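Next come the chains, spelled out residue by residue.
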Amino acid sequence: MKIAITGTVGVPARYGGFETLVEKLVCHAQASDQPIDQLTVYCSKQAYEERPSHYCGARLRYSRLNANGIQSIIYDCVAALDAIWRRHDRLLVLGVSGAIIFPLLRLISRARIVTNVDGIEWRRPKWTGLGRYFLKWSEWLAVRFAHEVIADNQGIADYLKETYKIEARVIAYGGDHAVQSIAEEPIDIGLIPDDYALALCRIEPENNVAMILEAFENSSLPLVFVGNWNNSEFGRKLRSQYAHSPNILMLDPIYEPTALQRIRGNASAYIHGHSAGGTNPALVEMMHVGHPILAFDCSFNRYTTEDCAAYFASAPQLADLVAGISDIKNGSLMNEIANRRYRWDVIGAEYFSLLREA
């Protein structure tokens, strides 16, 4: 097989869940000696000051285009065409923004297209009007013209079956990397309480950030909330509103693995507010840590946690759960589920098995 992976910023992973997925796939391919003649990952030149030609044995090809925003459509299309030109016979496409090129790829090439549709992107509140229509159309193109479709959560697979009458392969994300970093020197993560609940996400309405903050405003358990507060008016407004709450500490994003491991490991519980998407990387990563998890009540989170977490749908419900946090003992069960379902060796094997079958 000659495999090309498109649809992400690239590797090494510095951005999000898809980038971590790609990094773990190429490392898995190298470690497990997958029968691959050439594995190529397409990267955005803008995201990397250093641009090596290879990473974990995979060839890297760089584009001048931006992998995010409106330019991502062209970025993904150009990468797919380049992969076809270079005679790759498997395309692993992450996301649907470049699916507009799929009908042409089917006409000019015999390469097999495997696509991970991500979450139901067009349903997110931030998309309206033409943007929402384009994403829904892209989703249809991806499902219609891909040879194989991957859903990262059974809830996404159920949606695809109901909407498009197709059977998607369910392959989630790994999270065991979250507990593999070992700090040789102490990492300064600021002045945080000795006992606290942790929330960590992008600061967007669909992640129920306001609900979580409201629930903890008068809580006896402090909340440490890590996120990109300054990236939007929504985040800046919430930060200003709760800046003086004595038991809420709002931190900027933390990307350094050992610092993340420490702030996760010292928490008493994890609060997961995501309501959109499928299997969220932050959730499976925290499940590996083995602390109690309180998750927003939606089908995606219930599938991920096998209905074994504590769930809330409003600020008062969350506040009640936090008040009785000592009675929530699901941490060891979350860890068992994570070790059974969300390990990168398992995920990598499933991806390359599907690529061979395609």
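It should be noted that the structure appears before, not after, this text.
What you see is a predicted model, and the numbers here were worked out from it, not measured in a lab. (Residues numbered from 1 in each chain as written. Predicted model: local features only at pLDDT ≥ 70, side-chain atom pairs only at ≥ 80, totals over all residues. Heavy atoms only, no water.)

A. Structural context of the packing of aromatic side chains. By the definition in use, this model includes six aromatic pairs. Arranged with centres 6.1 Å apart and planes meeting at 65 degrees, the rings of Phe134 and Trp137 form a pair that is edge-to-face. One end of the pair is Phe134 and the other is Trp137, both in helix 4 (residues 129-145) and three residues apart, which spans about a single turn. Geometrically, the ring pair formed by Tyr159 and Tyr164 is edge-to-face, given 6.3 Å between the ring centres and 90 degrees between the ring planes. (Phe/Tyr/Trp six-rings, centres within 6.5 Å; stacked < 30°, edge-to-face > 60°. Helix = DSSP H or I, 4+ residues; strand = E, 2+ residues; numbered from the N terminus.)

B. Examining the sheet that holds strand 7 (residues 148-151) more closely. What the eight strands build is an open sheet, ordered 3-4-2-1-5-6-7-8; its pairing is mixed. Two strands in the sheet have a free side with no partner beyond their single neighbour: strand 3 (54-55) and strand 8 (169-170). Where strand 2 (residues 38-44) and strand 4 (residues 58-63) come together, five bridges link them in parallel fashion. Residue pairing for strand 4: Thr40 is matched across the bridge by Arg59. Its contacts with the sheet place helix 5 (residues 154-164) against strand 7 and strand 8, and it is angled at close to 135 degrees to strand 7. (Pairing = 2+ DSSP bridges. Contact = heavy atoms within 4.5 Å. Axes fitted to C-alpha atoms, helices over the stretch in contact; angles between N-to-C directions.)

C. Representation of the environment of Arg90. Here Arg90 shows up in strand 5 (residues 90-94). Through-space distance from the C-alpha of Arg90 to that of Arg112 is 4.9 Å; in sequence the pair is 22 residues apart. Among the polar contacts listed, one links the side chain of Arg90 to the backbone oxygen of Leu355, at a separation of 2.6 Å. (Polar contact = N/O pair within 3.5 Å; in protein donor to acceptor, adjacent residues only side chain to side chain.)

D. Summary view of the side chain of Asn280. With respect to the helices and strands, Asn280 occurs in the loop between strand 12 (269-272) and helix 9 (281-289). Among the polar contacts listed, one links the side chain of Asn280 to the backbone nitrogen of Ala282, at a separation of 3.0 Å. Sequence-distant contacts of Asn280, that is, excluding residues within four places in its chain, are made with His272 and His274.

E. Seen up close, helix 7 (residues 233-242). For helix 7, every residue scored as buried is listed here: Gly235, Leu238, Arg239 and Tyr242. Taken down its axis, helix 7 places every buried residue within 100 degrees of arc, on the same side. What points out from helix 7, more than 90 degrees from its buried face, is the exposed set Glu233, Lys237, Ser240 and Gln241. Along its buried surface, helix 7 packs onto helix 6 (209-216) and strand 11 (248-251). (Buried < 20%, exposed > 50% of the residue type's maximum accessible area, 1.4 Å probe, protein only. Arc of directions from axis to C-beta.)

F. A look at the packing of helix 4 against helix 5. Viewed as axis vectors pointing N to C, helix 4 and helix 5 meet at an angle of 90 degrees, and their least axial separation amounts to 12 Å. Considering the angle they form, helix 4 stands roughly perpendicular to helix 5. Note on element contacts: helix 5 touches helix 4 through Tyr159, Leu160 and Tyr164, opposite Lys136, Glu139, Trp140 and Val143. A breakdown of the residues in the contact of helix 4 with helix 5 according to their chemical character gives five nonpolar, no polar and two charged. (Parallel < 35°, antiparallel > 145°, perpendicular 65-115°, else oblique. Nonpolar A, V, L, I, M, F, W, Y, C, P; charged D, E, K, R; others polar.)

G. Region of the structure containing helix 2 (residues 72-85). The terminal C-alpha atoms of helix 2 lie 20 Å apart, and with 14 residues this matches the ideal 20 Å at 1.5 Å per residue to within 8%. If you check which residues of helix 2 are buried, you get Ser72, Ile73, Tyr75, Asp76, Cys77, Ala79, Ala80, Asp82, Ala83 and Ile84. Where helix 2 is buried, its residues contact strand 1 (2-6), strand 2, strand 4, strand 5, helix 3 (102-108) and helix 4. Two residues or fewer past helix 2, Arg87 is found with a positive phi of approximately 65 degrees. (Expected span 1.5 Å × (residues − 1).)

H. View of the nonpolar core. Ranked by size, the top nonpolar core spans 66 residues in total, and within it Phe102, Leu160, Leu213, Phe216, Phe225, Ile271 and Leu294 carry the most contacts. Non-local contacts of Ile271, meaning those with residues more than four positions away in its chain, are made with Ala197, Leu198, Ala199, Ile212, Phe216, Leu223, Leu294, Phe312 and Leu318. Of all hydrophobic cores here, the second largest spans 60 residues; its members include Ile36, Leu283, Ala295 and Phe352. (Core = buried A, V, L, I, M, F, W, Y, C linked by side-chain atoms within 4.5 Å.)

I. Spatial organisation of the packing of helix 6 against helix 11 (residues 315-323). Two numbers describe how helix 6 lies on helix 11: the axes approach to 8 Å, and their chain directions differ by 50 degrees. Overall, the two elements helix 6 and helix 11 adopt an arrangement that is oblique. Remark: the crossing between helix 6 and helix 11 carries right-handed chirality. For the pair helix 6 and helix 11, contact is made by Met211, Ile212, Glu214, Ala215 and Phe216 and by Ala315, Leu318, Ala319 and Val322, respectively. Here the residues of the contact of helix 6 with helix 11 sort into eight nonpolar, no polar and one charged. (Left-handed = near helix turned anticlockwise from the far one by under 90°.)

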